[in-house]
Amino acid sequence: MNTAKLDSHVEQERKRRRTFAIISHPDAGKTTLTEKLLLFGGSIEIAGAVRGRKSQRTATSDWMDLEKQRGISVSSTVLTFEYDDCQINLLDTPGHHDFSEDTYRTLMAADAAVMVIDLAKGIEAQTEKLFRVCALRKIPVLTFVNKVDRPGRDRLEILEEIERKFSIEAVPQNWPLGSGRDFSGVVDLESDRIHVFDPNTQARRLGSIETDWQAVRNHVAGDQLLRNDAGEPLVLNGLTPELVDEVHEEVELVRMAGATLEADRFLRGEQTPVYFGSALTDFGVEHFLKGFIDLCPPPGNRLSNIGPVPAGRKDFSGFVFKIQANLDPRHRDRVAFMRISSGKFERDMEVTVARSGKRLRLPRALRIFGQERETVDLAYPGDIIGVVCPGEFRLGDTLCEGDPVHYEPLPQFSPEFFAVLECPDTSRRKQFDRGIEQLVEEGAIQMFHDARSTRREMILAAVGELQFDVVKFRLESEYNTSTNIQWRPYKMARWFNLSEEEKGQLKLPFSSKIVRDQFGHDAVLLQSEWHAQTIQRDNPGIEFHAIRVSP
Ligand code: G4P
C-alpha cells in the first residue's frame, strides 16, 4: 500500500463526494430518474429539462442529429448536484446502444452504479451487459425497480431474476403496496412505515403511517378510519382487504426469508439493495436518494503499479477515461475527460503524463454540460474534469503530481461491428493513414490485423455502428479525407493467451479469423455467439475472453 500522507482538506472533500452512473436498458426510466434526482438536488427547476434534450437527440437520424445526439449523450459527461451536504457526481452515460463502449469506459470512473429496471420488463439485454461491466470492476450496485405505478411483474419474481442472472443477493429496502392502478404506496422495511401515495394530489407524498396491517385492512374495508401525519383521512386508492393481506404476506415472507443488507457485502458487490418506486410520479425517489447517500461509498483507493493509491493523499492524480472530439463548430477541439483519483486539482497546475513522462501545465479545465462549458478552478477526488488536449492524451493515461503512478489500464471490450476503411482519393492516402493511426491511438476505434497474412489488412472495429460514423466524420473534418466503409461479417472478438505452438493447434470454424489487436494481443474474430460456443467446446481448457483487461 502506498503510504502517502493524507491531506485533511482533501479528505474532507473526498468524504462528501459520491460518484456513480446509472445503468439501464433504453426506456426503463434512466432519464426520468436522473431528472428527479436533479430536482431533489435543486439543480433544475422544472421537470422536463432533461427530457427536452433527450427528445432532441432522438428526433431524426441524419448526421446533424448525431451531432445533437453527441451534444447531450456524449458531451455532457457529469451532472453534479448537492444533497444532504454531499456533492453527487452522476456520470452521464450515452443512452444509445451504439455508444455503449463509451458507457463501459465511463463505468471505470464510477464508484457505484444504480441499475434501473422496468417492473414490467425485468432485466433486459443492455442492463445485463452493463451489469457485467460493473461486476468486472466489483463496484457496488443499487437497484431501482421503476414504474410500480403501472401493472408489472410479480415483485418476488423480479428479485429472483436479479439473483439468478447476476449471482447477487437482492435485498429489498421497501415493498410496494399494490401495483398499477392499485398502487397505494410503499412500505419502508427498515422504519416499518407505509408511505402513502395518491396520484390525484399535486405533491403525491401524503406522509406516512405506522405499518399496522390489521388497521390498514380495517380502513380499506371501511371499518376504521386511518389518518395521515397531517390528520387527513388516508386515501388508499384501489386497495381491497384481500390485496392488503397479499402484500402483508409478501412483506412477512421477504422479512423472514430475505437477507439483511450488510455494508461490506454490498461494497464487495455480493448484495444489491432494491428500491421499488416510480420515477415519473416521484414516488420512492427521495427514499431511494437517502438510501443511496448512506450506502454509496465516497472515492476510495485506486489500484496502481505502486499499489493502492489513497484518494485523500496530497498529490494530485487522475486518469483519462474518455476523449471526445467536439463536433460543435463553436468548439472544434478535443477534450480528454479525467476522473480525479487523488489530491486536489488546481487550475494552471503542472502534471506529468505517466506514459510519456511529459510535463504539462493544465491552464484550463472544463465542466461540460451539453453545449455549455464552465471553467473549473478546483476539483477533488471523484470529480470529473475535461481538459482540452491537442493530441497529448490517450485513453487510460494517468496524469499526476509527484512520483509517476500508472493506474490500471482500461479494459478493451469485444466489438460488435467490423469493417475495412478505404480511402477512395489516393492523393489523400497519407492524411487518411495518419488520421486512422491517431484515432486508433486515441481509442476512438479498435484495430485488428490478420496475424498470418502478409497483406496486413487493417480491420477496424467498434461496439456500436455509430462509432464508425463518428470516425468517418472526423476523417473528413479533421484530416480532409473521404472514406468508404466495407463491412466485414464478424460479430465479436475473443481474446486468448497461447504460445505459438498452442495457437497452431487451435480448432476454429472456417469463417473465423485469427488476428492481433492494436496492442499486439491475440484474438479470434467470430461471426456468431454459436461460433463462440463452438470454439470453447472444441478447445476445452482454453480461456477465451470477451473483455481484455491485461495491459
Ligand atoms: P430511458 O432514459 O431509460 O430511455 O427512459 P425514460 O426516462 O425516457 O422513460 C421512458 C418512458 O417511460 C417515458 O415515457 C417515461 O415517461 C416513462 N416512465 C419513466 N418512469 C416511469 C414511471 O415511473 N412510471 C411510468 N408509468 N412511466 C415512466 P414515453 O412515453 O416514452 O416518453 P414521454 O412522452 O413521457 O417523454
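This text follows the structure it describes.
Calculation rules
- Residues numbered from 1 in each chain as written.
- Predicted model: local features only at pLDDT ≥ 70, side-chain atom pairs only at ≥ 80, totals over all residues.
- Pairing = 2+ DSSP bridges.
- Helix = DSSP H or I, 4+ residues; strand = E, 2+ residues; numbered from the N terminus.
- Axes fitted to C-alpha atoms, helices over the stretch in contact; angles between N-to-C directions.
- Contact = placed C-beta atoms within 7 Å.
- Buried ≥ 20, exposed ≤ 12 C-beta atoms within 10 Å, placed from the backbone.
- Arc of directions from axis to C-beta.
- Core = buried A, V, L, I, M, F, W, Y, C linked by C-beta atoms within 7 Å.
- Near = placed C-beta within 6 Å.
- Parallel < 35°, antiparallel > 145°, perpendicular 65-115°, else oblique.
- Left-handed = near helix turned anticlockwise from the far one by under 90°.
- Nonpolar A, V, L, I, M, F, W, Y, C, P; charged D, E, K, R; others polar.

Caption draft 1: Structural view of the sheet that holds strand S3 (residues 86–91). In space, the seven strands of this open sheet follow the order S2-S3-S1-S4-S5-S11-S6, with mixed pairing throughout. The open sheet has two free edges, formed respectively by strand S2 (78–83) and strand S6 (169–172), since each of these has just one partner strand. This sheet shows a mean twist of 30° between the axes of neighbouring strands, independent of strand direction. Inspection of the sheet shows strand S4 (residues 112–118) paired to strand S5 (residues 141–146) by six bridges, in the parallel sense. Among the inter-strand pairings, Val114 is bridged to a residue of S5, identified as Leu142. Against the sheet, helix H7 (residues 155–166) makes contact with S4, S5, S6 and strand S11 (271–276), and its axis sits at roughly 145° relative to S6, the strand it touches most.

Caption draft 2: Expanded view of helix H8 (residues 213–221). Restricting attention to buried positions, one finds in H8 the residues Val216, His219 and Val220. The buried side chains of H8 occupy one side of the element, clustering within an arc of 95° when seen end-on. Residues of H8 that are exposed and angled more than 90 degrees away from the buried face: Gln214 and Ala221. Contact partners of the buried residues in H8: helix H9 (241–257). Looking at the residues trailing H8, positive phi occurs at Gly222, about 85°.

Caption draft 3: Local environment of the environment of Glu457. Tracing the backbone shows Glu457 in the loop between strand S24 (446–450) and strand S25 (458–462). Counting along the chain gives 36 residues from Glu457 to Leu421, while the straight-line C-alpha distance between them is 9.9 Å. What Glu457 contacts, discounting residues up to four positions off in sequence, is Val420, His449 and Asp450.

Caption draft 4: Local environment of the nonpolar core. Among the nonpolar cores identified, the biggest contains 129 residues, and Ala113 and Met338 are the most heavily contacted of them. The element best represented in this core is S4, accounting for six residues. Non-local contacts of Met338, meaning those with residues more than four positions away in its chain, are made with Gly318, Phe319, Val320, Ile384, Ile385, Val387 and Leu399.

Caption draft 5: Quick look at the pairing of S25. With four of five residues buried, S25 is to be regarded as a mostly interior element. Pairing analysis gives three bridges linking strand S23 (residues 417–422) to S25, with the strands arranged antiparallel. Each bridged residue has a counterpart across the sheet, and for Phe417 the counterpart in S25 is Ala462. Two strands pair when backbone bridges link them, and S24 and S25 are joined in this way by four bridges, in the antiparallel orientation. Looking across to S25, one finds that His449 is bridged to Met458.

Caption draft 6: Structural detail: the site of the ligand. Within the structure, the ligand sits among 17 residues, and Gly29, Lys30, Thr31, Thr32 and Leu280 are positioned closest to it. Among the elements that make up the shell around the ligand, the one with the highest residue count is helix H2 (residues 30–40) (three residues).

Caption draft 7: Representation of the packing of helix H5 (residues 100–107) against helix H6 (residues 125–137) in the model. Here H5 crosses H6 at 30°, and the two axes come no closer than 9 Å. Relative to H6, H5 is oriented roughly parallel. The interaxial crossing formed by H5 with H6 has right-handed handedness. Residue-level contacts link Thr103, Tyr104 and Leu107 of H5 to Leu130, Val133, Cys134 and Arg137 of H6. In terms of residue class, the contact of H5 with H6 is made up of five nonpolar, one polar and one charged.

Caption draft 8: The packing of H8 against H9, seen in detail. Their axes nearest at 8 Å, the elements H8 and H9 cross at an angle of 160°. With respect to each other, H8 and H9 are oriented roughly antiparallel. Of the two elements, H8 crosses H9, and the hand of that crossing is right-handed. Listed contacts from H9 to Trp213, Val216, Arg217, Val220 and Ala221 of H8 are Pro241, Val244, Asp245 and His248. Taken together, the residues of the contact of H8 with H9 break down into six nonpolar, one polar and two charged.

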